[in-house]
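Below are the chains, spelled out letter by letter.
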Amino acid sequence: MMRIAVAQFNATVGDLTGNVERILKCAAQAKARGAQVLLTPELSLCGYPPEDLLLRPDFYRACHQALDDLASRVEGIVLVVGYPEESDGHCYNAAMVIENGQKKAVYRKIRLPNYEVFDEQRYFEAGSEACVVTIAGVRCGINICADIWEPGAFELACTAGAELMLVLNASPCHLEKHQQRAQVLGERIEATGVPAVYANLVGGQDELVFDGASFALDAHKVCRMRLPQFEEALGIVDFTAGNLQSADMASELSIEAEAYQALVLGVRDYIGKSGFKGAIIGLSGGIDSALTLCVAVDALGADKVRAVMMPSPYTAQMSLDDSRAMIQKLGVRYDEIAIAPAMQTYAAMLDPLFAGLPADTTEENIQARIRGNILMALSNKTGALVLTTGNKSEMAVGYCTLYGDMAGGFAVIKDVYKTLVYRLSRYRNTLCGESGPVIPENIIVRPPSAELKPDQTDQDSLPPYEVLDAIVRAYMEEDRSPREIIAAGLPEADVRRVVRLLRIAEYKRRQSPVGIRITPRGFGKDWRYPITNRYQDEF
Ligand SMILES: Nc1ncnc2c1ncn2[C@@H]1O[C@H](COP(=O)(O)OP(=O)(O)OC[C@H]2O[C@@H]([n+]3cccc(C(=O)O)c3)[C@H](O)[C@@H]2O)[C@@H](O)[C@H]1O
Ligand SMILES: Nc1ncnc2c1ncn2[C@@H]1O[C@H](COP(=O)(O)OP(=O)(O)OP(=O)(O)O)[C@@H](O)[C@H]1O
Ligand SMILES: NC(=O)CC[C@H](N)C(=O)O
């Protein structure tokens with residue numbers, strides 16, 4: 001029998017010393033539980049993705065030093081560790097097998113992903129050889145992440161004699177991605193009859209959230225181990241006579257729980273790993289800032305979060321009441337700062353220049369910019385980061401103000417459609433138990449409004465959110481043309497309007513803060529449209 005420990009841990013990009021200590025801690029725990037081998041995630045030594053750090057020769061030197069340090073300190077267990085390898089000017093995404101302080105074998109990733117959020121061909125050359133290494137009498141093949149997503153590398157190792165595959169991964173989550181991972185790994189197992197253990201990274205890194213959910217599939221594709229999502233864990237799986245066994249079987253999350261926990265971990269790690277003292281949120285009495293506030297409190301604790309309500313003459317009393325009710329439940333610091341004096345001052349200053357011109361979105365945007373200014377001043381003074389509250393539906397159609405409500409450091413729900421914002425708000429309220437819902441029902445049921453002019457609602461200028469979200473998803477995530485979207489049954493006038501707005505808002509999105517990706521395509525690294533663009537869509 002061979003006992004394998006799976007280290008699903010939260011590496012920080014560039015924190016080589018910290019990551020070495022984290023791996024050594026996992027190795028000590030694994031040894032204590034009788035494991036002969038510890039499998040870590042892809043590039044676990046340096047964190048993933050290191051992006052253009054990988055263009056620096058000194059980064060490779062530091063990684064190699066950290067690897068030597070790790071190798072000299074780990075004992076009594078075989079370690080499989082992911083690291084960036086430089087050899088005679090050639091760079092690889094590699095995994096090293098270390099036994100008794102010695103480098104026993106190296107595997108170089110064969111399939112380098114260059115799609116979605118991945119740019120590995122910018123940095124690495126592809127390996128070409130299988131790596132099969134005998135550990136505790138078992139012939140183990142090594143693969144790294146994208147290797148398993150197509151036929152080739154997995155089968156190569158099996159042909160070279162592997163009877164068990166160890167797979168190192170840095171697979172960021174989008175909703176239900178773990179099912180896709182099990183599907184593709186299942187295809188490799190179907191073709192070879194060789195079982196596999198899959199170790200995934202956990203933690204937030206800029207726009208990406210790695211969800212862990214490491215797992216093992218036996219030779220019949222039956223899941224024998226599943227670790228939880230969004231938390232560190234050390235899994236133990238035994239390999240005996242071709243079979244896998246484990247007591248670690250985490251239950252699966254609902255879509256709402258998965259999305260919510262991804263947001264919480266994304267915020268916690270962005271703020272924590274970047275060293276901010278806390279978070280500041282403009283609380284409007286609307287659902288977007290209400291949900292963002294809940295996420296921030298769950299990520300950081302109420303003592304690290306403050307909410308600021310900045311009423312204008314257009315703010316409904318209900319917005320103030322709902323904001324106050326909410327913060328009483330959450331226990332965060334709360335301040336109210338009326339912005340009417342600043343609005344009047346701006347109006348007086350601009351009056352000579354605007355004389356004779358009608359009021360329009362200019363005045364509305366000034367309100368949003370006054371609020372953005374106040375929040376940024378609080379950030380400067382306190383060292384806390386401003387979290388912005390725009391959702392994916394709004395980011396798609398540019399329904400947000402540059403340097404106004406877009407001012408801030410991290411966009412928590414940037415990849416959450418408005419329809420999902422509602423579901424997540426209801427979901428968060430179900431977690432409240434006897435104390436009753438945190439987000440007042442009124443916030444959930446009232447029609448969304450920017451409250452930038454009298455009696456304004458979002459639906460005055462946009463189609464219903466169900467329709468808007470369906471159009472955006474089809475155009476933006478699925479690359480459907482407007483003609484195809486209309487043929488699928490969505491109203492032509494809405495499709496024309498939404499696609500036009502989506503196209504002209506590119507400049508705005510390019511200036512928006514980075515934010516958490518939870519769908520197969522977010523407005524981040526995997527959306528790179530030209531801003532200056534005369535392409536005519538197919539209608
Ligand atoms: N191609 C381009 N490249 C670079 N910059 C470009 C540009 N096109 C315009 N611009 C600049 O951008 C400006 C227009 O953008 P911006 O100033 O943001 O203003 P704009 O998009 O005109 O107005 C903001 C919109 O967002 C809505 N809003 C605001 C706040 C909150 C909410 C909400 O419910 O959450 C909704 C509001 O009702 C309005 O429809 C132009 O005046 C110009 O300076
Ligand atoms: N009165 C206000 N006090 C504090 N912040 C505000 C206020 N009004 C707007 N904001 C900030 O600007 C963001 C955009 O608000 P707005 O009401 O225009 O649109 P929204 O997308 O409907 O958001 P929400 O659902 O949170 O109201 C809010 O989420 C909030 O962070
Ligand atoms: N790091 C990788 O190679 C990731 C590739 C793969 N498609 C995934 O998302 O899991």
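Residues numbered from 1 in each chain as written. Chains lettered and ligands numbered in written order. Predicted model: local features only at pLDDT ≥ 70, side-chain atom pairs only at ≥ 80, totals over all residues.

## Notes on the UniProt feature "binding site: L-glutamine" (unreviewed entry) in the protein
Part 1 of the argument: Under the UniProt annotation, "binding site: L-glutamine" (unreviewed entry) lies at Tyr115, Ser171 and Lys177.
Part 2 of the argument: Assessed through the 26 C-beta atoms surrounding it within 10 Å, Ser171 is described here as buried.
Part 3 of the argument: Beyond its immediate stretch of four places on either side in the chain, Ser171 contacts Cys145, Arg181, Asn200 and Phe210.
Part 4 of the argument: Tracing the backbone through its elements, the reader meets Lys177 in helix H5 (residues 177–192). (UniProt positions renumbered as here; feature names shortened; annotations may be inferred. Buried ≥ 20, exposed ≤ 12 C-beta atoms within 10 Å, placed from the backbone. Contact = placed C-beta atoms within 7 Å. Helix = DSSP H or I, 4+ residues; strand = E, 2+ residues; numbered from the N terminus.)

## Regarding the site of ligand 1
Part 1 of the argument: Near ligand 1 you find 17 residues, and of these Tyr399, Thr401, Leu402, Ala450 and Tyr507 are the closest.
Part 2 of the argument: Its residues assigned to classes, the shell around ligand 1 shows eight nonpolar, five polar and four charged. (Near = placed C-beta within 6 Å. Nonpolar A, V, L, I, M, F, W, Y, C, P; charged D, E, K, R; others polar.)

## Describing unusual backbone geometry
Part 1 of the argument: Going from Tyr48 to Pro49, the amide bond is cis rather than trans, its omega being -5 degrees.
Part 2 of the argument: Considering the arrangement of structural elements, one finds Pro49 in the loop between strand E2 (37–39) and helix H2 (57–73).
Part 3 of the argument: We note that Phe230 has phi near 65 degrees; this positive angle belongs to a residue other than glycine.
Part 4 of the argument: Relative to the assigned elements, Phe230 resides in the loop between strand E13 (223–226) and strand E14 (233–240).
Part 5 of the argument: Using a count of 25 C-beta atoms within 10 Å as the deciding quantity, one classes Phe230 as buried.
Part 6 of the argument: Despite not being glycine, Asp479 has its phi angle at roughly 55 degrees, a positive value.
Part 7 of the argument: Looking at where Asp479 falls in the secondary structure, it is placed in the loop between helix H14 (465–477) and helix H15 (482–487).

## Observations regarding the packing of H14 against helix H16 (residues 492–504)
Part 1 of the argument: One can describe the packing of H14 onto H16 by two numbers: an axis separation of 10 Å at closest approach and a directional angle of 60 degrees. As far as their axial angle goes, H16 and H14 are oblique. Where H14 crosses over H16, the handedness of that crossing is right-handed. In contact with Val467, Leu468, Ile471, Val472, Tyr475 and Met476 of H14, H16 contributes Asp494, Val495, Val498, Val499 and Leu502.
Part 2 of the argument: Here the contact of H14 with H16 is built from residues that sort into 10 nonpolar, no polar and one charged. (Axes fitted to C-alpha atoms, helices over the stretch in contact; angles between N-to-C directions. Parallel < 35°, antiparallel > 145°, perpendicular 65-115°, else oblique. Left-handed = near helix turned anticlockwise from the far one by under 90°.)

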